[in-house]
Amino acid sequence: MSISGGLAGGGRYNTFIGVGFESCLADYDIIDSGEHNSFIGCYALRVELQSKMSKISSGYYDLIKISSGTDNILENVTYSHWKQTPNGLLDPDPNKRTIKINTYDAKTSKKDVNNGRYDGSVSADSFRTKAIADYKANVSTVDSYGGFVPFNNGAAIDQYIFTNGSGIALNRRGIQDTTPDIGAWRLWTSATTDNDILFLKMTANNVWTASQLVSDKTLATPSKKGIVNQAAVSADTAVVSSGATPSKAEYDALLAELRDLKTKLRAAGILST
């Protein structure tokens, strides 16, 4: 069976329920080039989808090939059922955005990683990779469908990290909404050997607030925030003078206590040497 396509959308809004497509000599039992067609509780040896927004649900198949078209749905479907050649699920292009919900590979006896996109969820299969030249651009992309967006930095990406690196961003908006929302954020590290990590968050409309994160290997310096240890105990060894003026011994005791404190602050990384 062939459902034709065309500029006007071709065969549309057809529903097949409980049909067994058995044509062992055909290259494909079903070729769908239309849109919004549904196959419910059917079975076939081989199916090719060239369609838009068609759905296959609750059935057995050997080969399901998504050769073109976009936004088709496979739900509660078993493929490689008879394990003839060829078999499997062939969908090499992620831009076709095929949604898989509870699909099962009978050849490997494993369920697929499902990637149904639901409002408010973050899908593991919603990753996009994009090279950027401006740190503000990684969430504002036309190909973002929500969820995490890995990216590789271009040269001189911004004033905080000057070298190339990579990270992840999260746009809190939903599917196919290309406008970053307040609360969107990105996190990345430079490609150099330093341990710096930069965190940016949208705190108002198109206003990004930057924070420099530090690791347990980034030590504080007089000019840079970093990690320090808690200083060791510095005992109160000097005593309060009883007379009008302290004696030399009392001065020396106070100096020894101060130097002990400074030594332990240096060891903790709190006081520069």
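Student: How should the overall build of the chain be read in this particular structure?
Tutor: Tallying secondary structure elements over the chain gives 1 helix and 18 strands in all. With 273 residues in all, the chain has 34% of them scored as buried. Relative to all contacts within the chain whose residues are 6 or more apart in sequence, the contacts with residues 24 or more apart total 33%. Carbon and sulfur atoms provide 55% of the accessible area of the chain, an area that totals close to 15,800 Å².

Student: Can you walk me through the pattern of salt bridges in this structure?
Tutor: A side chain of one charge can pair with a side chain of the opposite charge when the charged atoms of the two come close. By the definition in use, this model includes 5 salt bridges. Residue Lys217 pairs with Asp216 through a salt bridge whose shortest N-O separation is 3.8 Å. Of the two residues, Lys217 and Asp216, both sit in the exposed class.

Student: Would you mind going over a nonpolar patch on the surface with me for this structure?
Tutor: Side chains of Tyr43, Tyr60 and Trp82 sit close together on the surface and give an oily, nonpolar patch of about 300 Å² of accessible area. Tracing the sequence through the fold places Tyr43 in strand E6 (residues 43–49). Of the residues examined, Tyr43 reaches a relative accessible area of 32% and is grouped as partly exposed.

Student: Just to check I follow, could you spell out helix H1 (residues 248–268) for this structure?
Tutor: Each α-helix turn comprises 3.6 residues. Residues three or four places apart therefore point the same way. Between the first and last C-alpha of H1 there are 30 Å, a value that for 21 residues agrees with the 30 Å anticipated at 1.5 Å per step. Once H1 finishes, Gly269 follows within two positions and takes phi at roughly 85°, a positive value.

Student: Hey, could you run me through the environment of Ser67 in this one?
Tutor: As for its position among the elements, Ser67 is in the loop between strand E7 (55–66) and strand E8 (73–79). Taking the C-alpha atoms as reference points, Ser67 and Glu48, separated by 19 residues in sequence, lie 6.8 Å from one another. For Ser67, the residues in contact, after removing those within four places along its chain, are Glu48, Leu49, Gln50 and Lys96. At 2.7 Å, the side chain of Ser67 forms a polar contact with the side chain of Glu48.

Student: Any chance you could explain the nonpolar core here in plain terms?
Tutor: A general tendency of soluble globular proteins is for nonpolar side chains to be buried together. The biggest cluster of nonpolar side chains holds 16 residues, and the ones touching the most others in it are Phe39, Val47, Ile56, Tyr61 and Ile64. In contact with Ile56, not counting residues within four places along its chain, are Phe39, Val47, Leu49, Tyr61, Ile73, Leu74, Glu75 and Val77. The next biggest cluster of nonpolar side chains, apart from the first, holds 6 residues, and it includes Ala184, Leu198, Leu200 and Trp208.

Student: Can you help me understand the pairing of strand E18 (residues 207–213) in this one?
Tutor: Residues in a regular strand project their side chains so that they alternate between the two faces of the sheet. Strand direction decides the pairing type here: strand E17 (residues 197–204) and E18, joined by 7 bridges, are antiparallel. Bridged to Leu200 within E18 is Ala210. Linking E17 back to E18 in an antiparallel pair, the connection comprises 2 residues, with Asn206 at a positive phi of about 60°.

Student: Just to check I follow, could you spell out unusual backbone geometry for this structure?
Tutor: Most peptide bonds take the trans form, and the phi angle of most residues other than glycine is negative. Following Thr85, the chain continues to Pro86 via a peptide bond in cis, the omega torsion being 0°. Residue position: Pro86 is located in the loop between E8 and strand E9 (88–90). Even without being glycine, Met53 reaches a positive phi, approximately 60°. Checked against the element boundaries, Met53 lands in the loop between E6 and E7. We note that Asp71 has phi near 60°; this positive angle belongs to a residue other than glycine. Following the sequence through the fold, Asp71 ends up in the loop between E7 and E8.

Reading guide: rules and limits
- Each chain has its residues counted from 1, running along the sequence as written.
- Whole-chain, interface and lining totals are the exception, using all residues; otherwise, since this is a predicted model, local features are given only for residues with pLDDT of at least 70 and side-chain atom pairs are given and counted only at 80 or more.
- Excluded from the side-chain calculations are hydrogens and water; all other atoms, namely the structure's heavy atoms, are used.
- Only DSSP runs of H or I with at least four residues qualify as helices, and only runs of E with at least two residues qualify as strands; both kinds are numbered from the N terminus onward.
- Using a 1.4 Å probe on the protein chains alone, a residue whose accessible area is under 20% of its type maximum counts as buried, one over 50% counts as exposed, and one in between counts as partly exposed.
- Residue contacts are counted whenever heavy atoms from the two residues lie within 4.5 Å of one another.
- Only the protein chains shown count as cover for residues, and the accessible areas themselves come from Shrake-Rupley with a 1.4 Å probe.
- Just to be clear on terms, a salt bridge is a Lys or Arg side-chain nitrogen sitting within 4 Å of an Asp or Glu carboxyl oxygen.
- In this analysis, a patch consists of residues with relative accessible area above 30% that form no salt bridge, clustered at 9 Å for like charges and at 5 Å for the nonpolar side chains Val, Leu, Ile, Met, Phe, Trp and Tyr.
- What a helix should span is 1.5 Å times the count of its residues minus one.
- By the criterion applied in these results, polar contacts are pairs of N or O atoms within 3.5 Å in which, for protein atoms, one can donate a hydrogen and the other can accept it, and in which residues neighboring in sequence qualify only through two side-chain atoms.
- Nonpolar core, defined: a set of buried Ala, Val, Leu, Ile, Met, Phe, Trp, Tyr and Cys residues in which side-chain atoms within 4.5 Å join the residues together.
- Whether two strands pair comes down to DSSP finding at least two bridges between them.

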